[in-house]
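Fold and geometry: a report
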Amino acid sequence: MQRAKTKYLLAGFLSVAIWGFFAIPLRNIKAFPSQEILYYRIFTSLAVIWMVILLFRRKSLAQDIQYFKLALPKEKRIIVYQILGATVLLTLNWYTYIYAVNNVSLKSAAFAYMVCPLITAFGGFLILKEELSRLKLIALGVALLSIVMLATGSLIEVTWSVIIAALYAFYLIIQRKMQHLDKLNVLAVQIAIAVLLMLPFYLSSHQDFPASVWFWGNIVVIAVLFTIIPLFLSLYALIGIPSSTLGIIIYINPIIAFTVAIVYFGEQIDLHQLLAYLLLLFAVLLFNWNLMKDIFTFKRK
């Protein structure tokens, strides 16, 4: 039991750790408009994920199709609404994040994933009725304090951060409720719907088709390494851990993102911000203290 839980927890950590480095390929193609990056990210992701499913996971796809066919009409409607709602939230999250990284600041994008866990944890508590112990509530309070410490900059940056965070938080909450379908198949359908949503905008306003090898190299990296793999890992993690726990694990993302901003892009950090980040680390440990204690005890046994 504990070994299985460790597997889901590890998937959650890997998903957010990968996303922490997302700013690197995005900044590589900063010269291109945000909507163009989004279009080709989604189109490339669609081609890659369906190629993988049709080559290696056709049995799983057939099982999901059969499950949907046999579902009651009410259950079918719920599945359709959940997939549509999650797709809209995910697509908007992608666009706002790309725009923030390339047009607002790396800090605003990273800060979003400091706000996101609070929204996810409280959303899981209110909507999904996930229990929050006193220790977890204290951890959320510590996390909130660290956010208040960091929210002393531009109002524009904070606003963008809250929008990005809320979109992804409610996406996770919807995904947590979808437990009967294969996560990779669900993601493939969501990306297909995202393409249909974006296609009219692409056809009406896109610029010349990019011919740059540098652009397409980064787009493929974004589609595979920073879209399909971490999204699948996060959805897989939700099978075995609450959305509130994954929401808190997301704090690893901004810690890595801020490290990348400082070490790789040379952005400055002051002592005030450093203390706030350390406080975030403490909140992550505190929120998951019982789970990590159980895992450590299991390994010792």
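Keep in mind the model is a prediction, meaning the values are calculated, not measured. (Residues numbered from 1 in each chain as written. Predicted model: local features only at pLDDT ≥ 70, side-chain atom pairs only at ≥ 80, totals over all residues. Heavy atoms only, no water.)

Looking now at the nonpolar core. Core analysis: the largest hydrophobic core is formed by 89 residues, its most contacted members being Met114 and Tyr171. Top contributing element to this core by residue count: helix α6 (residues 106-126), with eleven residues. In terms of nonpolar packing, the next biggest core, distinct from the first, is built from six residues, Ile79, Ile83, Leu181 and Val186 among them. (Core = buried A, V, L, I, M, F, W, Y, C linked by side-chain atoms within 4.5 Å. Buried < 20%, exposed > 50% of the residue type's maximum accessible area, 1.4 Å probe, protein only. Helix = DSSP H or I, 4+ residues; strand = E, 2+ residues; numbered from the N terminus.)

Averaged over every residue, the pLDDT of the protein is 82; the share at 70 or more is 92%. Ranking the elements of the protein by mean pLDDT puts helix α14 (residues 289-300) last, at 60, and helix α4 (residues 58-70) first, at 92. (pLDDT = per-residue confidence, 0-100.)

Take the packing of aromatic side chains next. Following the criterion strictly, the structure yields 19 aromatic pairs and no others. Each ring, one from Phe32 and one from Phe215, has its centre 4.3 Å from the other, and the planes form 40 degrees; the classification is tilted. One end of the pair, Phe32, is in the loop between α2 (23-28) and α3 (34-56); the other, Phe215, is in helix α10 (residues 213-240), and 183 residues separate them in sequence. Owing to a relative accessible area of 27%, Phe32 belongs among the partly exposed residues under this scheme. Taking the relative accessible area as the measure of exposure, Phe215 reaches 0% and is therefore buried. Between Tyr99 and Trp160 the ring centres are 4.9 Å apart and the planes differ by 20 degrees, which places this aromatic pair in the stacked class. Within this pair, whereas Tyr99 is found in helix α5 (residues 73-104), its partner Trp160 is found in helix α8 (residues 155-177), the two being separated by 61 residues in sequence. In textbook terms, an aromatic cluster arises when at least three aromatic residues are bridged by ring pairs, as seen for Phe32, Tyr39, Tyr40, Phe43, Tyr202, Phe209, Phe215 and Trp216. A cation sits over an aromatic face here: Arg41 above Trp94, 4.4 Å from the ring centre. (Phe/Tyr/Trp six-rings, centres within 6.5 Å; stacked < 30°, edge-to-face > 60°. Lys NZ or Arg CZ within 6 Å of the ring centre and 35° of its normal.)

Mapped onto the fold, Ala31 is located in the loop between α2 and α3. Separated by 184 residues in the primary sequence, Ala31 and Phe215 place their C-alpha atoms 9.8 Å from one another.

Take a nonpolar patch on the surface next. A contiguous nonpolar surface patch, about 550 Å² in accessible area, is contributed by Phe122, Phe125, Leu126, Ile127, Leu137 and Phe170. Broken down by element, the nonpolar patch gets its largest block of residues, three residues, from α6. The topology assignment puts Leu137 in helix α7 (residues 134-150). Owing to a relative accessible area of 44%, Leu137 belongs among the partly exposed residues under this scheme. (Patch = residues over 30% accessible without salt bridge, like charges linked within 9 Å, V, L, I, M, F, W, Y side chains within 5 Å. Areas by Shrake-Rupley, 256 points an atom, 1.4 Å probe, with all protein chains shown as cover. Salt bridge = Lys/Arg side-chain N within 4 Å of Asp/Glu carboxyl O.)

Where α3 contacts α5, the two axes come as close as 9 Å, and the packing angle between them is 135 degrees. Overall, the two elements α3 and α5 adopt an arrangement that is oblique. The handedness of the crossing between α3 and α5 is right-handed. Residues Ser34, Gln35, Ile37, Leu38, Arg41 and Ile42 of α3 touch α5, and the partners they reach there are Thr91, Trp94, Tyr95, Ile98, Tyr99, Asn102 and Asn103. A per-class count over the contact of α3 with α5 returns seven nonpolar, five polar and one charged. (Axes fitted to C-alpha atoms, helices over the stretch in contact; angles between N-to-C directions. Parallel < 35°, antiparallel > 145°, perpendicular 65-115°, else oblique. Left-handed = near helix turned anticlockwise from the far one by under 90°. Contact = heavy atoms within 4.5 Å. Nonpolar A, V, L, I, M, F, W, Y, C, P; charged D, E, K, R; others polar.)

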